[in-house]
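# Results of the structural survey
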There are 2 protein chains.
Amino acid sequence: MKQRPKAVATKAKILEAALDLFRERGYEAATMRAIAERAGVALGNAYYYFGSKEHLIQAFYDRTHVEHVAAVGTKLDDLKDFKARLLLVMRAKLESIEPYHRFAGLLFRSAADPASPLNPFSAESQPVRQEATEIFRKVVAGSRGRIAPELRAELPNLLWLYHMGIVLFWIHDTSKGRRRTWRLMERSVDLIVKLVGVASLPLMGPVRRAALGMVRELRGSTQESAA
Amino acid sequence: MKQRPKAVATKAKILEAALDLFRERGYEAATMRAIAERAGVALGNAYYYFGSKEHLIQAFYDRTHVEHVAAVGTKLDDLKDFKARLLLVMRAKLESIEPYHRFAGLLFRSAADPASPLNPFSAESQPVRQEATEIFRKVVAGSRGRIAPELRAELPNLLWLYHMGIVLFWIHDTSKGRRRTWRLMERSVDLIVKLVGVASLPLMGPVRRAALGMVRELRGSTQESAA
DNA sequence: GTCTATAACCGGATAGAC
DNA sequence: GTCTATCCGGTTATAGAC
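Residues numbered from 1 in each chain as written. Chains lettered and ligands numbered in written order. Predicted model: local features only at pLDDT ≥ 70, side-chain atom pairs only at ≥ 80, totals over all residues. Heavy atoms only, no water.

## Here's the deal with the overall build of chain A
Note the following rule: Segments assigned H or I by DSSP are reported as helices when at least four residues long, segments assigned E as strands when at least two residues long, and all are numbered from the N terminus. Burial classes: relative accessible area under 20% of the type maximum marks a residue as buried, over 50% as exposed, and values in between as partly exposed (1.4 Å probe, protein chains only). The contact criterion used throughout is that any non-hydrogen atoms of two residues lie within 4.5 Å.
When helices and strands are tallied, chain A shows ten helices and zero strands. Element order for chain A, N to C, with α for helix and β for strand: α-α-α-α-α-α-α-α-α-α. Expressed as a percentage of the 227 residues in chain A, the buried residues total 51%. Across chain A, every contact between residues at least 6 apart in sequence was considered, and the portion connecting residues at least 24 apart equals 68%.

Pasting the structure below:
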């Protein structure tokens, strides 16, 4: 199973060519033939390394996640406020995906198909999903302030879901510099912080329990085992 | 612009063939060639009437909406309680779409593409979206009980969005009889009613305003003019 | 195991003749 | 309005070279 250096290099070359072309021309125009040509390999060779065009996109997924984590870097260490931490992570997210906006929509096409491995809720995506949730776990874990304990446990998953919602909006956002998404993100972060505050009030016990019960139900369907 | 009877008949023939084949074989297997053949027309002729395969699906959309409205019928008139009304509409929704579960996933592939006319947030879908929101407007309008006025105005749109979320879950739900979706729907309706109650408390003014402000922002991006 | 080259299949979409 | 012919790109197949 050990791959030879040459194979690794070829695979990387193909992936880079694909990502470049996705950026430059969007999804449809970046044909497999063009990708292979740009990478300097035969069409069949591209398929040798990537079973389909969608597999190329899975790699894109991974890449944006890595870039997101890199963009956050160690900056979280300096912040103790929940809102500041969440804002940091969300800003880094939007910045890291921006270069790919052009073809993100078409990507989402596959992602929405329940049968597609690209679907963020699919079993195949579980590792990526779990990794992506990890950063929100960090956000919550390092936050000072009153957050109801049951909420603290579920919050990372909720934040991951929330961030998927923002990405969904971003995909549809055609405003210059994605202004609308940024505004929505900032407002919604503010709202989330408020809601977490309210939900953590002792009085809100029943509502909180109803909400968390439902969320666990929702999560159960896609991930049989919770982390 | 008046269409000749022959044209209407041909178009209908093609549409019926398409819906039949979608039901029988699912989306992918129902090729445009097969549809044309079943309808007894040439491939090019199918494209003369329906610009793309996706346009055929738009018709499918419309049909499920009509069926939903039919399933609700006049039953709303008998109920004055918000929760009961919302439950009625949501149950009718799940029942009316159930026969199509098998290929709904593949349909939603296109629906998720921002560039697709099928996208529920797209301009092309605005009529359908508005119609679909209408039923939630009715739900709210006929409900007795304390609901903050600003909330009342925005609630139909929020409920439409909520119902889209439930449908999204339903698409991914492989449990027998879609049990999980039903349970989630019932729990979430309960939660929504609780939340509306809490949000309508005078004390919640700031949170409510933050939430509604954000929602309007969100809505603004897809519908330039609010109803 | 890695890679090339080439041809072919399939289905969505289009052009242009009738 | 309807057809036939054709294009185009994802995908597969094949046969062989290093």
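## Side note on the nonpolar core
To keep things clear, this is the line we draw: Each nonpolar core is a collection of buried residues, namely Ala, Val, Leu, Ile, Met, Phe, Trp, Tyr and Cys, held together in the definition by side-chain atoms within 4.5 Å.
Within the largest apolar cluster, 83 residues are counted, with the highest numbers of intra-cluster contacts made by A:Leu86 and B:Leu86. The biggest single contributor to this core is helix 8 (residues 149-172) of chain B, with eleven residues.

## Notes on the layout of surface pockets
All names here are of chain A. Cut-off, in case you're wondering: Lining residues are defined by having an atom within 4 Å of a point belonging to a cavity or pocket. Those points lie on a 1 Å grid over the protein atoms alone, cavities being sets where a 1.4 Å probe fits but cannot get out and pockets being open sets with protein on both sides within 12 Å along at least five of seven lines. Grid points are joined across faces, edges and corners, and a volume is the space filled by probe spheres set on the points. Lys, Arg, Asp and Glu make up the charged group, whereas Ala, Val, Leu, Ile, Met, Phe, Trp, Tyr, Cys and Pro make up the nonpolar group; the residues left over, Gly among them, are polar.
Its boundaries defined by the atoms lining it, the second largest pocket holds a volume of some 220 Å³. Lining the second largest pocket we find 13 residues, and of these Val-72, Gly-73, Leu-76, Ile-135 and Lys-138 sit closest to its centre. Listed by contribution, the elements that provide at least two residues to the lining of the second largest pocket are helix 4 (53-72) and helix 7 (126-141). With four residues, the single largest contributor to the lining of the second largest pocket is helix 7. Tallied by class, residues from the lining of the second largest pocket come to four nonpolar, three polar and six charged.

## Examining the protein's contact with DNA strand D
Counted only if it meets this: If even one non-hydrogen atom of a residue comes within 4 Å of a molecule or strand, that residue is called near it. Here a polar contact is recorded for every N or O atom pair within 3.5 Å, except that within protein the pair must consist of a potential hydrogen donor and a potential acceptor, and residues adjacent in sequence are included only if both atoms are side-chain atoms.
Lining the immediate surroundings of DNA strand D are 16 residues, of which A:Met32, A:Arg33, A:Lys53, B:Ala42 and B:Tyr49 lie closest. The contact atoms of DNA strand D, taken as those within 4 Å of the protein, divide so that sugar and phosphate hold 58%. One nitrogen or oxygen atom from the main chain of B:Ala42 is found 2.6 Å from a phosphate oxygen belonging to DNA strand D. Within the residue set of the surface near DNA strand D, elements represented by two or more residues are helix 2 (32-39) and helix 3 (43-49) of chain A together with helix 1 (5-29) and helix 3 (43-49) of chain B. Considering each element in turn, the surface near DNA strand D owes the most residues, four residues, to helix 3 of chain B.

## Overview of the pattern of salt bridges
Once their charged atoms are close, side chains differing in charge can pair, the charge on each being opposite to the other. Residues and elements named next belong to chain A. Our working rule: Definition used for salt bridges: Asp or Glu carboxyl oxygen within 4 Å of a side-chain nitrogen of Lys or Arg.
For the structure shown, the criterion picks out 24 salt bridges over all chains. With a closest N to O distance of 3.6 Å, Glu-134 and Arg-137 form a salt bridge. With a gap of three residues between them, Glu-134 and Arg-137 both fall in helix 7, about one helical turn apart. By relative accessible area, which is 38% here, Glu-134 ends up partly exposed. Note on Arg-137: relative accessible area 29%, which makes it partly exposed.

## Comments concerning helix 2 (residues 32-39) of chain B
Residues and elements named next belong to chain B. Every buried residue of helix 2 is listed here: Met-32, Ala-34, Ile-35, Ala-36 and Ala-39. Those residues of helix 2 that are buried are in contact with helix 1, helix 3 and helix 4 (53-72). Two residues or fewer after helix 2 comes Gly-40, characterised by a positive phi angle close to 75°.

## Quick look at the side chain of A:Ser96
Residue and element names in this part refer to chain A. Looking at the element boundaries, Ser-96 is found in helix 5 (residues 82-97). Side-chain polar atoms of Ser-96 contact the backbone oxygen of Lys-93, separated by 3.0 Å. Excluding residues that lie within four positions of it along the chain, Ser-96 makes contacts with Thr-64, Glu-67 and His-68.

## Observations regarding the packing of helix 5 of chain A against helix 7 of chain A
Two quantities define a packed helix pair, namely the angle between the axes and the distance from one axis to the other. All names here are of chain A. Condition: The axes used here are C-alpha line fits, helices contributing only the stretch in contact, and every angle between their N-to-C directions lies in the interval 0 to 180 degrees. Orientation is classified from the angle alone, with under 35 degrees giving roughly parallel, over 145 giving roughly antiparallel, 65 to 115 giving roughly perpendicular, and any other angle giving oblique. Handedness of a helix crossing follows the sense of rotation of the near helix relative to the far helix, less than a right angle counterclockwise being left-handed and clockwise being right-handed.
In the contact formed by helix 5 and helix 7, the axes pass within 9 Å of each other and the chain directions differ by 160°. Between helix 5 and helix 7, the angle falls in the class roughly antiparallel. In this structure, the crossing between helix 5 and helix 7 has a hand that is right-handed. Contact residues: helix 5 offers Phe-82, Arg-85, Leu-86, Val-89 and Met-90, while helix 7 offers Ile-135, Phe-136, Lys-138 and Val-139. Considering only residue class, the contact of helix 5 with helix 7 consists of seven nonpolar, no polar and two charged.

## Description of the domain arrangement of chain A
Residues and elements named next belong to chain A. Short version of the rule: How far each domain reaches was decided by an automatic or database domain assignment. Buried area: the accessible surface (1.4 Å probe) lost by two parts on joining, summed over both.
Domain assignment breaks chain A into domain 1 (1-51) and domain 2 (54-226). One C-alpha centre belongs to domain 1, the other to domain 2, and the line joining them spans 30 Å. The contact between domain 1 and domain 2 buries some 1,300 Å² in all, and 72% of this surface belongs to carbon and sulfur atoms. The tally of links between domain 1 and domain 2 comes to one salt bridge. A salt bridge links Glu-16 to Arg-63; the nearest nitrogen and oxygen atoms lie 2.8 Å apart.

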